[in-house]
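Next come the chains, spelled out residue by residue.
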Amino acid sequence: DVPLSANVVLPGRALRVRRDLMLYASQLYQVLTVESFVLGLHDLLVTFTFAADFVDLFEVRGHPRERRGETLEPLHDGASVRLRYRGLDGSTRVTILTFDPPPETIDAASAHYRLSVAPGERREIRVVASATTDDLPAPRVLSLTEAEARRRAPVERLNADAASVRASHDLFDHWMARSRRDLHLLVTETRDGFLPYAGIPWYV
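Note that the coordinates shown come from a computational prediction; the quantities given were computed from them, not determined experimentally.

### Points about the layout of surface pockets
Approximately 1100 Å³ is the volume found for the largest pocket. If you trace the largest pocket, you find 29 residues lining it, with Leu23, Arg151, Leu185, Val187 and Thr188 closest to the centre. Of all the secondary-structure elements, those providing two or more residues to the lining of the largest pocket are strand E3 (15-24), strand E4 (27-36), helix H2 (144-161), helix H3 (170-184) and strand E12 (187-190). No other element matches the 9 residues that H2 contributes to the lining of the largest pocket. Of the residues that constitute the lining of the largest pocket, the class distribution is 15 nonpolar, 5 polar and 9 charged.

### Observations regarding the nonpolar core
Core analysis: the biggest nonpolar cluster contains 20 residues, and Val46, Phe48, Phe50, Phe99, Tyr113, Leu115 and Ile125 have the highest contact counts within it. Looking at this core, the element that brings in the most residues is strand E10 (residues 110-117), giving 4 residues. If sequence neighbours within four positions are ignored, leucine 115 has contacts with Val34, His42, Asp43, Leu44, Val46, Arg123 and Ile125. If you look at the next biggest cluster of nonpolar residues, it comprises 6 residues, including Met22, Tyr24, Val128 and Leu142.

### Quick look at the sheet that holds strand E9 (residues 105-106)
One open sheet accounts for 3 strands, arranged E5-E10-E9; its pairing is antiparallel. A single partner strand is all that each edge strand has here, and the edge strands are strand E5 (42-49) and E9. In the sheet, E9 pairs with E10 via 2 bridges, with the strands oriented antiparallel. The residue of E10 that forms the bridge with isoleucine 106 is alanine 111.

Parameters and conventions
- Residues numbered from 1 in each chain as written.
- Predicted model: local features only at pLDDT ≥ 70, side-chain atom pairs only at ≥ 80, totals over all residues.
- Heavy atoms only, no water.
- 1 Å grid on protein atoms, 1.4 Å probe; cavity = no way out; pocket = protein on both sides within 12 Å on 5 of 7 lines; lining within 4 Å.
- Points joined across faces, edges and corners; volume = space filled by probe spheres on them.
- Helix = DSSP H or I, 4+ residues; strand = E, 2+ residues; numbered from the N terminus.
- Nonpolar A, V, L, I, M, F, W, Y, C, P; charged D, E, K, R; others polar.
- Core = buried A, V, L, I, M, F, W, Y, C linked by side-chain atoms within 4.5 Å.
- Buried < 20%, exposed > 50% of the residue type's maximum accessible area, 1.4 Å probe, protein only.
- Contact = heavy atoms within 4.5 Å.
- Pairing = 2+ DSSP bridges.

In structure tokens, the structure reads:
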């Protein structure tokens, strides 16, 4: 139970908050779903806070650099934020955060929503993080359904081309199907076809 005031308590399990993440190409899709099981209208304040340090892969591993590039002032409009960094090579890396629906207020480090959730209602907030550079056009933000379909397409092609194994034991069939899916997770599709990937996240 969550006390909201001296006289009002939000019962436990009255709200469900679910967060789904999916990577597709150079984009991270995030969907926040809020579902209400209370009998009355419930008002929620939802805040997303964000930042990007654009650190080098080796900095993440604990090897500090003597010199770094310059973190630029973020740019924001009513529905998106551009976090920017100019590297020592002169290239400007950009992370674009796109919010749908647009937040009530947005600034360089946070986005704020005021949600009124009716009994039994589900509300969704979608945030897409796109990685790009200033000299490239921003990647198009797809609907979640389209992004999921494109994300699954290579796996479905692998499954269609794979050998089919059937046995008289259902559990054995399940193990074989799971093993095949696990092997498919180890490959990725490139312009030159499917290639095995190893060493993630440090080296591929």
